[in-house]
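# Fold and geometry: a report
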Amino acid sequence: MLLTTLSDLGRQSLAALRLLVVLTLVLGIAYPVATWGVGQAFGERAAGQPVEVDGRVVGSRLLGQSFDGPQWFHSRPSANDHDTLASAPSNLGPLNEDLIATIAERRAEVAQRESGPESDVPPDAVTASGSGLDPHVSPAYAELQVERVARANGLTPAAVRTLVAAHTQGRFLGIHGEPGVNVLELNVALAEAAAGSAGAGGD
């Protein structure tokens, strides 16, 4: 009886060991390698679509970030200061008094910064996205910032509008979502244009 029990235990242990080896090979090696291989087929998308300037990563096309100073296009507000580890909305409802007051303060600040009436301030200039990491602003918000950015960089408004148009993305498949301007890519192009303008002026 004891020998039979030991024999059954040995067979069960051997079966469990074989299962462990098979699952380790399939789930621990084959599946991760296959997932990595599929990801490589999508190139930089698998790496988070980094944006490089002079060989240095300055951000991701997929993630919003803060830009301070009159020379930059500003991103939309973020409930988490663009912290990728704390991606979330404020969870405040549209009738929340704190949110209403915050939006009013933001609208006044944007209007003052852009030297325009508060009625010209678009919604995305005063409200955060659901993730707090939206890398885009609306074409209307970008247009509102053109004059300030042009002055600060020594460029003509027409030249800056050309950059905005070049970095405006349409609706997905032509029907989904709204057009948006990628702020990081736009600011990278803006810095290059400003540097080129300064160099030309120096000559």
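Above this text is the structure in question.
For the structure given in this document, a descriptive report is provided here. (Residues numbered from 1 in each chain as written. Predicted model: local features only at pLDDT ≥ 70, side-chain atom pairs only at ≥ 80, totals over all residues. Heavy atoms only, no water.)

### Considering the nonpolar core
Counting 28 residues, the largest nonpolar core has F73, V121, V160 and V164 as its most contacted members. Residue assignment for this core shows that the elements contributing at least two residues are α2 (97–113), α3 (139–153), α4 (157–166) and α5 (183–202). Ignoring any residue separated from it by four or fewer positions in sequence, one finds V160 in contact with F73, V146, V149, A150 and L155. (Core = buried A, V, L, I, M, F, W, Y, C linked by side-chain atoms within 4.5 Å. Buried < 20%, exposed > 50% of the residue type's maximum accessible area, 1.4 Å probe, protein only. Helix = DSSP H or I, 4+ residues; strand = E, 2+ residues; numbered from the N terminus. Contact = heavy atoms within 4.5 Å.)

### Focus: α4
Among all positions of α4, only V160, L163 and V164 are buried. Taken end-on, α4 shows its buried residues confined to a sector of 100°, consistent with a single buried face. Of the exposed residues in α4, those oriented more than 90 degrees away from the buried face are A158, T162, A165 and A166. (Arc of directions from axis to C-beta.)

### Quick look at the environment of P94
Tracing the backbone through its elements, the reader meets P94 in the loop between β2 (56–60) and α2. Take P94: its relative accessible area is 73%, and that puts it in the exposed class. In contact with P94, not counting residues within four places along its chain, are L99 and I100.

### Let's talk about the pairing of strand β1 (residues 50–53)
Here β1 runs beside β2; their pairing, made up of four bridges, is antiparallel. Residue pairing across strands places P50 opposite S60, the latter belonging to β2. Following β1, the chain reverses through two residues before pairing antiparallel with β2; D54 in that reversal takes a positive phi of roughly 55°. (Pairing = 2+ DSSP bridges.)

### Notes on the packing of α3 against α4
The geometry of α3 relative to α4 is characterised by a closest axis approach of 9 Å and an angle of 135° between their N-to-C directions. With respect to each other, α3 and α4 are oriented oblique. As for how α3 packs across α4, the hand of that crossing is right-handed. Of the residues in α4, those touching α3 at A142, E143, V146, E147, V149 and A150 are P157, V160, R161 and V164. The class makeup of the residues in the contact of α3 with α4 is seven nonpolar, no polar and three charged. (Axes fitted to C-alpha atoms, helices over the stretch in contact; angles between N-to-C directions. Parallel < 35°, antiparallel > 145°, perpendicular 65-115°, else oblique. Left-handed = near helix turned anticlockwise from the far one by under 90°. Nonpolar A, V, L, I, M, F, W, Y, C, P; charged D, E, K, R; others polar.)

### Considerations on the side chain of H167
Among the secondary structure elements, H167 is positioned in the loop between α4 and β4 (168–169). At a separation of 2.9 Å, a polar atom in the side chain of H167 contacts the main-chain carbonyl oxygen of L163. When neighbours within four sequence positions are excluded, H167 is seen to be in contact with G180, V181, N182, E185, L186 and A189. (Polar contact = N/O pair within 3.5 Å; in protein donor to acceptor, adjacent residues only side chain to side chain.)

### Quick look at the sheet that holds β4
Judged by pairing direction, the sheet is antiparallel, and its three strands sit side by side in the order β3-β5-β4 without closing on themselves. One side of each edge strand has no neighbouring strand; the edge strands of this open sheet are β3 (136–137) and β4. The sheet contact formed by β4 and strand β5 (residues 180–182) spans two bridges and is antiparallel. Bridging across to β5, Q169 finds its partner in G180.

### Here's the deal with the pattern of salt bridges
All told, the structure shown has six salt bridges when counted by the stated rule. Between E185 and R61 there is a salt bridge whose closest N-O contact spans 2.5 Å. In this pair, E185 sits in helix α5 while R61 sits in the loop between β2 and α2, placing the two residues 124 residues apart along the sequence. What makes E185 buried here is its relative accessible area of 18%. (Salt bridge = Lys/Arg side-chain N within 4 Å of Asp/Glu carboxyl O.)

### Let's talk about the side chain of N187
Mapped onto the elements of the fold, N187 is located in helix α5. Looking at N187, its side chain comes within polar contact range of the main-chain nitrogen of F73, at 2.9 Å. Ignoring anything within four residues of it in the chain, the contact list for N187 reads F67, W72 and F73.

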